[in-house]
Each structure stands twice: as structure tokens, then as C-alpha cells.
Amino acid sequence: MRLSSAILVAASAVLAGCQNKPGLQVAGPPDPFGYMKRSAVCQVSPVKSAGPAQKTATMSVRSDDGNCGVLVQQDGERSYASFGVAPAPEHGKAFLYNYNDHTYVMYTPNTAYAGQDHFSVTLIRGPGQPRDTLDVTATVDATGVVVPTPMVMAPTPAPAPAKSTSRTATRRRAKTTHP
């Protein structure tokens, strides 16, 4: 009897580990593409209105080859119909996409860059409707970012061969013509 009780307790303990538990929810914009790396540091201010059709946001991000995102929506919590970036960031790249009625503005600074960066996003509500502008100012930090050095050294060019000072004579073959 004791043996069967011990087996029952052991089996219960093993099966308890198989329970379905909710997965860890990661904060930040979704990654519908499955390849976007998040920066280790990404702090974004709430999007603020700076006048009619004018919005601003600031972010702090590390230049560790990861991105940082800003979420924007139209009134009525809808995504924008279209968008563009002008001027583009000088020290990184911006990527915009719509997903689940949200418009995401992703910024990835150049690896190991430190300093300020700025870009503007034109947000198009729909055909014939006014456009909104989002100005994003990024403070980029490179603390702890290491740029790897190549393992293989580039080949060095071989020295040019020395020029010979002597001339070689070439002989021409005589042409014979037959009448």
C-alpha cells in the first residue's frame, strides 16, 4: 500500500509540471515578421500633440543593433492608411508598419553610435484627409556596445614586379607571296 501511494505522489508531481501556464508577455511592439531584435535599452515618451496635425515623441535607445518603437494611432484607434519618412534619420534607419489597427514606427540606430538623432514621419489618414506629422528625437547610447574586429585580415597587394631595363628583340616572319 505504501509503495502505490509513493508512486501516486511521484506521478502527480511529474504531471504537475505539464500544466499549461500562460506564457511570458514581452512588452513592446509585436514582431509579426519574426526577425526584429529589440534594443536592450528602449524608453519612449508618450506621443504628445504639438499643434494641429503635429505630434512629437522622444526615445532613449542603445545602439546595440536592436530597435525601439513608437506606437501611433488615428482618432478612433485606427492605424494610418499610409506613411513615409522625411527627413530620414542620419545615424540609423526607420521602419514603419501597420499591425492590428496600430501603426508602428521602429528606429534602429547605427551600431556603436552615440549622440542625438532625429527624423520625421508623415502619417496619412486616408484619401483626401489631412496628414499628420510625427517628429521623433532619439538619444542614442553606446554603453557596453562592442564592435567586433574581423577574424580574417584583408589580403595585402603583392608588390609590383620590377621593370626590366633590357629590351627583347622580336622577329617578324617574312611573308612570301605566290604569284
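Refer to the structure presented above.
In every chain, residue numbers begin from 1 and rise along the written sequence. Owing to the predicted nature of the model, reporting of local features is limited to residues with pLDDT of at least 70; listing and counting of side-chain atom pairs is limited to 80 or more, with chain, interface and lining totals taken over all residues. The side-chain values count all of the structure's non-hydrogen atoms but skip hydrogen atoms and water molecules.

(A) Here's a closer look at the overall build of the chain. Think of it this way: any DSSP run of H or I at least four residues long counts as a helix, any run of E at least two long counts as a strand, and we number them from the N terminus. The secondary structure content of the chain amounts to one helix and nine strands. Its helices and strands taken in sequence order, the chain reads α-β-β-β-β-β-β-β-β-β from the N to the C terminus. Contacts between residues were defined by any pair of non-hydrogen atoms, one from each residue, lying within 4.5 Å. Across the chain, every contact between residues at least 6 apart in sequence was considered, and the portion connecting residues at least 24 apart equals 61%.

(B) Up close: the nonpolar core. Met59, Val70, Val72, Val105, Tyr107, Val121 and Leu134 are the most contacted members of the largest nonpolar core, which totals 18 residues. Among the elements of the structure, strand E3 (54-62), strand E4 (68-72), strand E7 (102-109), strand E8 (115-124) and strand E9 (131-141) are those that each provide at least two residues to this core. At four residues, E9 tops the list of elements feeding residues into this core. Apart from the residues within four sequence positions on either side, Met59 is in contact with Gln43, Val44, Cys68, Val70, Tyr107, Val136, Thr137, Ala138 and Thr139. Here the nonpolar core consists of buried residues drawn from Ala, Val, Leu, Ile, Met, Phe, Trp, Tyr and Cys, with membership extended through side-chain atoms lying within 4.5 Å. Exposure classes here rest on a 1.4 Å probe applied to the protein chains alone. A residue is buried below 20% of its type maximum, exposed above 50%, and partly exposed in between.

(C) Local environment of the state of the cysteines. Any two cysteine sulfur atoms lying within 2.5 Å of each other are counted as a disulfide. By the definition in use, this model includes one disulfide. Shown here is the disulfide that connects Cys42 with Cys68, its sulfur atoms set 1.9 Å apart. Between Cys42 and Cys68 the disulfide shows an S-S torsion of about 75°. By sign, it is right-handed. Taken together, the residues Cys42 in strand E1 (residues 42-44) and Cys68 in strand E4 connect sequence positions 26 residues apart. Since its relative accessible area comes to 36%, Cys42 is described here as partly exposed.

(D) Broad picture of the side chain of Asn67. Within the secondary structure, Asn67 sits in the loop between E3 and E4. Beyond its immediate sequence surroundings of up to four residues, Asn67 is in contact with Met36, Lys37, Arg38, Ser39, Met106, Tyr107 and Thr108.

(E) Broad picture of the environment of Asn67. Using a relative accessible area of 6% as the deciding quantity, one classes Asn67 as buried. Residues Asn67 and Ala94, 27 residues apart in the sequence, show an inter-C-alpha distance of 9.1 Å.

(F) Focus on unusual backbone geometry. For the peptide bond that leads from Ala86 to Pro87, omega is 0°, which places it in the cis range. Mapped onto the fold, Pro87 is located in the loop between strand E5 (82-85) and strand E6 (92-99). Positioned with a positive phi, Asp65 is a non-glycine residue whose angle comes to about 70°. Structurally, Asp65 is set in the loop between E3 and E4. Phi at Ala112 takes a positive value of approximately 70°, unusual for a residue other than glycine. The topology assignment puts Ala112 in the loop between E7 and E8.

(G) A look at the layout of surface pockets. Here a cavity denotes grid points, spaced 1 Å and computed from the protein atoms alone, that fit a 1.4 Å probe unable to get out, and a pocket denotes an open set having protein on both sides within 12 Å along at least 5 of 7 lines; residues with an atom within 4 Å of a point are the lining. Grid points are joined across faces, edges and corners, and a volume is the space filled by probe spheres set on the points. By volume, the largest pocket amounts to about 200 Å³. Around the largest pocket sit Tyr35, Met36, Lys37, Asp65, Gly66, Asn67, Lys93, Phe95, Met106 and Thr108, which together line it. Listed by contribution, the elements that provide at least two residues to the lining of the largest pocket are E6 and E7.

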